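Examination of the molecular architecture
As a plain string of letters, each chain reads:
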Amino acid sequence: MSLLEIVALFARMGALSFGGGLSVLAELQRELVEDRAIMSEREFATAFALGQATPGPGILYLIPLGFRIGGVPGAAAALLSFLVPPLLFQILVAQRWEQLSRAGWVRAINRTLVPLSLGLIGGSVHTLGTPLLGDPMTVLGLVLATTAALMVRTSPAVIVLGAGLLGLVGVL
Amino acid sequence: MPVRSLLRRFLWVGLTSFGAARWTNLHAAFVESRLISEDKFVRDLAISQTLPGPGFVNLTALCGMRLGGVRLAVAGLALVLLPGLLAIVAAMAYLSTDEAWVARFFHGILVGAVGVLTASFVRLSAVRVRARFDIFLTTAALVLVVARVPLFVVVVAIGALGAWRYRATPQGDP
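A brief look at the structure comes next. (Residues numbered from 1 in each chain as written. Chains lettered and ligands numbered in written order. Predicted model: local features only at pLDDT ≥ 70, side-chain atom pairs only at ≥ 80, totals over all residues.)

What follows deals with helix 3 (residues 38-50) of chain B. Note: α-helices contain 3.6 residues per turn, so residues at a spacing of three or four share the same orientation. Along its 13 residues, helix 3 of chain B runs 18 Å from first to last C-alpha, staying within 8% of the 18 Å computed at 1.5 Å per residue. Looking at helix 3 of chain B, one finds that the buried residues are B:Phe41, B:Asp44, B:Ile47, B:Ser48 and B:Thr50. For helix 3 of chain B, the secondary structure elements touched by its buried residues are helix 4 (62-94), helix 5 (97-100) and helix 6 (104-129) of chain A together with helix 2 (23-31) and helix 4 (55-94) of chain B. (Helix = DSSP H or I, 4+ residues; strand = E, 2+ residues; numbered from the N terminus. Expected span 1.5 Å × (residues − 1). Buried ≥ 20, exposed ≤ 12 C-beta atoms within 10 Å, placed from the backbone. Contact = placed C-beta atoms within 7 Å.)

Tallying the contact residues gives 77 residues for chain B and 82 residues for chain A. Residue assignment for the side of chain B that touches chain A shows that the elements contributing at least two residues are helix 1 (3-16), helix 3, helix 4, helix 5 (100-128), helix 6 (132-146) and helix 7 (151-165) of chain B. Among the elements that line the side of chain B that touches chain A, the one with the most residues is helix 5 of chain B, at 24 residues.

Glycine aside, residues mostly have negative phi angles, and peptide bonds mostly take the trans form. Even without being glycine, A:Ala37 reaches a positive phi, approximately 50°. Residue position: A:Ala37 is located in the loop between helix 2 (25-35) and helix 3 (41-53). Residue class for A:Ala37 comes out exposed when judged on the 8 C-beta atoms lying within 10 Å of it. Positive phi outside glycine occurs at B:Arg148, with the angle close to 65°.

Right, let's get into the packing of helix 7 (residues 136-151) of chain A against helix 5 of chain B. Put simply, helix 7 of chain A and helix 5 of chain B touch, their axes get as near as 7 Å, and they point 50° apart. When the axes of helix 7 of chain A and helix 5 of chain B are compared, the pair comes out oblique. In this structure, helix 7 of chain A crosses over helix 5 of chain B, and the sense of that crossing is right-handed. Mapping the contact onto sequence places A:Thr138, A:Gly141, A:Leu142, A:Ala145, A:Thr146, A:Ala149 and A:Leu150 in helix 7 of chain A and B:Val111, B:Gly112, B:Val114, B:Gly115, B:Val116, B:Thr118, B:Ala119, B:Val122 and B:Arg123 in helix 5 of chain B. In the contact of helix 7 of chain A with helix 5 of chain B, the residues fall into nine nonpolar, six polar and one charged. (Axes fitted to C-alpha atoms, helices over the stretch in contact; angles between N-to-C directions. Parallel < 35°, antiparallel > 145°, perpendicular 65-115°, else oblique. Left-handed = near helix turned anticlockwise from the far one by under 90°. Nonpolar A, V, L, I, M, F, W, Y, C, P; charged D, E, K, R; others polar.)

With that settled, consider helix 8 (residues 156-168) of chain A. When the terminal C-alpha atoms of helix 8 of chain A are compared, their 18 Å separation across 13 residues agrees well with the 18 Å that a helix rising 1.5 Å per residue should span. Residues of helix 8 of chain A that are buried include every one of A:Pro156, A:Ile159, A:Val160, A:Ala163, A:Gly164, A:Leu166 and A:Gly167, and no others. Viewed along the axis of helix 8 of chain A, the buried residues span an arc of 160°, placing them on a single side of the element. Those residues of helix 8 of chain A hidden inside the fold are in contact with helix 3 and helix 7 of chain A together with helix 5 of chain B. Looking one or two residues past helix 8 of chain A, A:Gly170 carries a phi angle of roughly 90°, positive in sign. (Arc of directions from axis to C-beta.)

Moving on: the packing of helix 7 of chain A against helix 8 of chain A. Residue and element names in this part refer to chain A. The geometry of helix 7 relative to helix 8 is characterised by a closest axis approach of 10 Å and an angle of 160° between their N-to-C directions. When the axes of helix 7 and helix 8 are compared, the pair comes out roughly antiparallel. Helix 8 is crossed by helix 7, and the crossing has right-handed handedness. Taking contact as the criterion, the partners of Gly-141, Ala-145, Ala-148 and Ala-149 in helix 7 are, on helix 8, Pro-156, Ile-159, Ala-163 and Leu-166.

Time to look at the nonpolar core. Counting residues in each nonpolar core, the largest one holds 97 residues, and the members touching the most others are A:Phe48 and A:Leu62. With 14 residues, the single largest contributor to this core is helix 4 of chain B. Aside from chain neighbours lying at most four places away, what touches A:Leu62 is A:Phe10, A:Ala78, A:Leu79 and A:Phe82. (Core = buried A, V, L, I, M, F, W, Y, C linked by C-beta atoms within 7 Å.)

Now for the environment of B:Gly108. With respect to the element layout, B:Gly108 can be found in helix 5. Residues B:Gly108 and B:Ala160 lie 52 residues apart in sequence; the distance between their C-alpha atoms is 39 Å. If near-sequence neighbours (up to four positions away) are discounted, B:Gly108 is found in contact with A:Ala163, A:Gly164, A:Leu165, A:Leu166, A:Gly167, A:Leu168 and A:Leu172.

Printed below as a string of structure tokens:
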């Protein structure tokens, strides 16, 4: 992929990322793994895992993806083209938010965004979770991690890194 | 408050933010310390969650704009991104998934991360998707994504359907 193609792809993903950067995972995987065959499913999943194991915004998984496609310029292009257009659009809208938020059509779209973004996140869960379902111990780990995240009031980082340690010692 | 102190707060947010509710770190850094009012923060949170793009990044920029204009927004955003960026670059430089222990570690991380993502999906669905039509929209979007329908089509189709359904309801409520 050329740098221009990277910018076009990630800018499109950024523009469609309702509900956050994780809502486009399914589409990105389809583009990079299945359609363009730039990376393997495992490489894609590792990039996602890396992004979730580090502090800060969850979209940092774009860096290893961009790097795999186009080296350092690819990583910078992926991150910036994903982040900057929505950011500029938001700053423009923020100045007129009081006026816009009273409009019926904005309220109607706003009302739709929660179920839409949840559906997209559900799609990401399906995309990343399905390949993990083959091994019983991994399935058990997935159930335990989900349950812990739902029931225990702890930082997600503890769960993610704890699961990483279980993987390291060969339990998962 | 001096700019240096504000920048330290952004860096701390970047160092300590994990998981789905990262915006609570911004709330703790700027609202609980009375640098930004609750009302203004809630307004900015609504904007960041309504528009496309990562909500946490968008909200960070809006907090920066409030506290010191464009320059502080850019600097604040850079500092929030910096810790994770350095950690990822270090991991990419020093960890090779060709090594068995690294592959096992990342496999575990992946399992944990997918578990946390699944929990976010379950929790948010239970709390925020209760009306029948909302459940239909969520299910439809999920099915379309799984069926490999292009994301643009999913967003436009579900967005248009929901906007049409809720077009004449006050506050967008059913």
